[in-house]
Amino acid sequence: MPSTPPPSPHIAQLLAQAEAAWNAGELERCEQLARQTLSQWPESAMAWNLLGMVASRYGQLEQAAQLMTQAAKLDATQAQIRTNLAIVLSQLGELAQASALLAQTLEFAPEHETAWQLLAQLLEMQGQFAEQADLLRQAHARCPGSLTLQLMLSDALNTMGEHVQAAKLAADVTHRYPKFADGWSCLGCAQEKLGQIDAARQSLQRAIALKPQEGQLHVNLAHLELLAGNFADGWREYEWRFSCQQSAPLPGLSAPRWQGEPINGKVLLLWPEQGHGDTLQFCRYAQLLAARGARVWLVCVPALWPLLAQGAPGIERLLPPEQAAAEAGQVDFWAPLLSLPQLTESGDNPLGDLVPYLHAEPQRQARWRARLDALPPGRRIGLIWSGNPLNGNNPTRALPRAQLAALAGLDNVQWISLQMGAEGRQAPPEGLSWHAWGDEIADFADTAAIVSQLDLLISTDTGPAHLAGALGAPTWLLVQRVPDWRWGLNGEQCASYPSMRLFRQREQGDWASVMRAVRAALLAG
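This section reports on the structure supplied with the text. The shown structure was predicted, so the numbers you read here are calculated from the model rather than taken from an experiment. (Residues numbered from 1 in each chain as written. Predicted model: local features only at pLDDT ≥ 70, side-chain atom pairs only at ≥ 80, totals over all residues. Heavy atoms only, no water.)

### A short note on the overall build of the protein
- From N to C terminus, the protein includes 25 helices and 10 strands.
- When the backbone C-alpha atoms are referred to their principal axes, the protein occupies close to 85 × 60 × 50 Å.
- Looking at the protein residue by residue over its 525 residues, the buried ones come to 52%.
- Once local pairs closer than 6 in sequence are excluded, the contacts in the protein between residues at least 24 apart make up 64%.
- Here the protein has roughly 23,000 Å² of accessible surface; of this, 50% comes from carbon and sulfur atoms.
- Here the protein holds 38 positive side-chain charges and 50 negative ones, and the gap between their average locations is 4 Å. (Helix = DSSP H or I, 4+ residues; strand = E, 2+ residues; numbered from the N terminus. Buried < 20%, exposed > 50% of the residue type's maximum accessible area, 1.4 Å probe, protein only. Contact = heavy atoms within 4.5 Å. Areas by Shrake-Rupley, 256 points an atom, 1.4 Å probe, with all protein chains shown as cover. Lys, Arg positive; Asp, Glu negative; His and termini not counted. Charge placed at Lys NZ, Arg CZ, Asp CG, Glu CD.)

### Section: the nonpolar core
- In this structure, W258, L270, L289, L340, L358 and L418 are the most contacted members of the largest nonpolar core, which totals 143 residues.
- Not counting residues within four places of it along the chain, the set of residues in contact with W258 comprises I263, L268, L289, R292, F333, W334, A335, L340 and L343.
- In this structure, L383, L399, I458 and W511 belong to the second largest nonpolar core, which totals 23 residues. (Core = buried A, V, L, I, M, F, W, Y, C linked by side-chain atoms within 4.5 Å.)

### What about the pairing of strand β9 (residues 475-479)?
- Of all five residues that make up β9, five are buried, and the element is covered over most of its length.
- Side chains T475, L477 and V479 project from β9 onto one buried face, and the interleaved W476 and L478 project onto a second face that is buried too.
- Each parallel crossover has a hand, and the one from strand β8 (residues 456-460) via helix α24 (residues 463-471) to β9 is right-handed.
- Of the strand pairs in this sheet, β9 and strand β10 (residues 500-504) are connected by five bridges, and their pairing is parallel. Bridge pairing links T475 to M500 in β10. (Right-handed = clockwise from strand over helix to strand, strands pointing away. Pairing = 2+ DSSP bridges.)

### Focus: helix α11 (residues 181-193)
- Its 13 residues give α11 an end-to-end C-alpha distance of 19 Å, which sits within 8% of 18 Å, the value for a rise of 1.5 Å per residue.
- In terms of burial, α11 is a largely internal element, 12 of the 13 residues being buried.
- Residues of α11 that are buried make contact with α9 (147-159), α10 (163-176), α12 (197-210) and α13 (215-227). (Expected span 1.5 Å × (residues − 1).)

### Let's talk about the sheet that holds strand β1 (residues 267-271)
- Ordered in space as β3-β2-β1-β4, the four strands form an open sheet in which the pairing is parallel. Only two strands of the sheet have a single partner each, and these edge strands are β3 (315-319) and β4 (333-336). Averaged over all pairs of adjacent strands, the angle between strand axes in this sheet comes to 25°, irrespective of strand direction.
- As paired elements, β1 and strand β2 (residues 295-299) share four bridges and run parallel to each other. Looking at β2, one finds that L268 is bridged to V296. (Axes fitted to C-alpha atoms, helices over the stretch in contact; angles between N-to-C directions.)

### Looking at the side chain of Q191
- Note that Q191 resides in helix α11.
- Of the residues examined, Q191 reaches a relative accessible area of 11% and is grouped as buried.
- For Q191, the residues in contact, after removing those within four places along its chain, are Q196, A199, A200 and S203.

### Considering the environment of D155
- Inspection of the secondary structure assignment puts D155 in helix α9.
- For the pair formed by D155 and P302, sequence separation is 147 residues and the distance between their alpha carbons is 33 Å.

### Details of the packing of aromatic side chains
- In the structure shown here, the tally under the stated rule is nine aromatic pairs.
- Taken together, a centroid distance of 6.0 Å and an interplanar angle of 70° make the contact between W235 and Y238 edge-to-face. Note that W235 and Y238 are positioned in helix α14 (residues 231-238) at a spacing of three residues, about one turn of the helix. A single burial state applies to W235 and to Y238, both of which are buried.
- A connected cluster of aromatic rings, assembled from ring pairs, spans W235, Y238, F282, Y285 and W485. (Phe/Tyr/Trp six-rings, centres within 6.5 Å; stacked < 30°, edge-to-face > 60°.)

### With respect to the layout of surface pockets
- There is about 350 Å³ of room inside the second largest pocket.
- As for the second largest pocket, its lining consists of 25 residues, of which F231, P350, R486, A495 and S496 are closest to the centre.
- Looking at side-chain class alone, the lining of the second largest pocket contains 15 nonpolar, eight polar and two charged residues. (1 Å grid on protein atoms, 1.4 Å probe; cavity = no way out; pocket = protein on both sides within 12 Å on 5 of 7 lines; lining within 4 Å. Points joined across faces, edges and corners; volume = space filled by probe spheres on them. Nonpolar A, V, L, I, M, F, W, Y, C, P; charged D, E, K, R; others polar.)

### Here we look at unusual backbone geometry
- The step from V355 to P356 runs through a cis peptide bond, and the omega angle for that step is 0°.
- Secondary-structure assignment places P356 in the loop between α19 (340-343) and α20 (362-373).
- We note that E345 has phi near 55°; this positive angle belongs to a residue other than glycine.
- Structurally, E345 can be placed in the loop between α19 and α20.

### Notes on the sheet that holds β10
- Strand order in this open sheet of six strands is β7-β6-β5-β8-β9-β10, and the pairing throughout is parallel. Edge strands, defined here as strands with exactly one partner in the open sheet, are β7 (435-436) and β10.
- Packed onto the sheet, α24 meets β5 (379-384), β8, β9 and β10 and runs at close to 145° relative to β8.

Everything listed is a geometric property; what it means functionally is a separate question.
Right, dumping it as structure tokens:
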């Protein structure tokens, strides 16, 4: 039901004082005044809401949700109360419930910008990128004056591969507000995906000039410079990633962070930062550190442990993340894994000459060899066409499953789907059949045991593709027109992984020509 006005001037004054205390950051006073209000007027939705906000600020999320739920019951038409509740629900991991609450809120408050923004963020967190773009189109139509929603729409369209429209939206913001750094950054990211490298660089540099201490702007420029092959500039700018809110947390060890000083006889702990593919690619730098006399320890997540426990050159010891703090007294230095190219002054050398540097476990190889030997005769070719569905890069770098129909009708081939998750459980396109093993793969050690015995792996940009490259296994990588920086902009050869061949889109989204090239290459032998 809707709220009613305070029943007396005294209660109205108490409530106003409570709100003022909240705005001033005086949490204890805010709570005290809100409780005084409720003692005299238990139906005050705003007082319940303020108590919930205080509880949330103290980290008492379940209590905050209860308090805000009471507020929402008392005033079902107050959009901000419902939005606050949705924020707390999302922090509790109740994403679907929070999304439903926001959708209901927008039915009666369609101009509430914060509700649109939060609902779009929740859709992104759930990997619903197409739905996010559709929602933000509606939001932009409802709130055409909101710069935030316009740039969120630009980002969402960029994620979905609609780079031209993304650039138009961002360019409109820069034209109207030339001193708004986020507009230039958004424009630069869209221009990069359009292959307009020089224009993208100018836009991103302009954003940094306007907001020089904003880490994400530097990271955006770093990705561009690395893509363009300007490694010294790229790795230097990439060090700004630690000031970004969404960056992986650093370990907080008492040992100093390594800055390139002599490490002969010292224990150097390497800390992973991002996806599994990054660890698989950059763990090879341990060999350079060991050559300098370092005793290299690597923090390793469970998914990679069985694989790396087989041994990786230069790595003396693996540590689980939760054990790193307990072992801190034995560590002389630590370093983030993706800082090693700059710290070792080898940023322009991807160390392809060190491949192979990972190896499959013999026992697992034997188990999977029995499965492979039981297949009918023919070339044994693995297929992976999609990465993590929650990754914002997946909509443009994943191959639509229907495109695999281009492989139908090839003789003397046994196709093996290594695609994991729900996508791997889908039926192959008409005319193609495969052996679906994705659900049987427990970890990267299983993947290594299989891939190391295949005649070929065909994959999009995924963690297993990095693994295949590190194993030195024959791999064909299918990449979008402007891919992740590590694949560069041109050529079939991959400097990081000599056993890998790149098949590139001619135009953004043109997977058909990629698959025609793959088919022709398979027919050529």
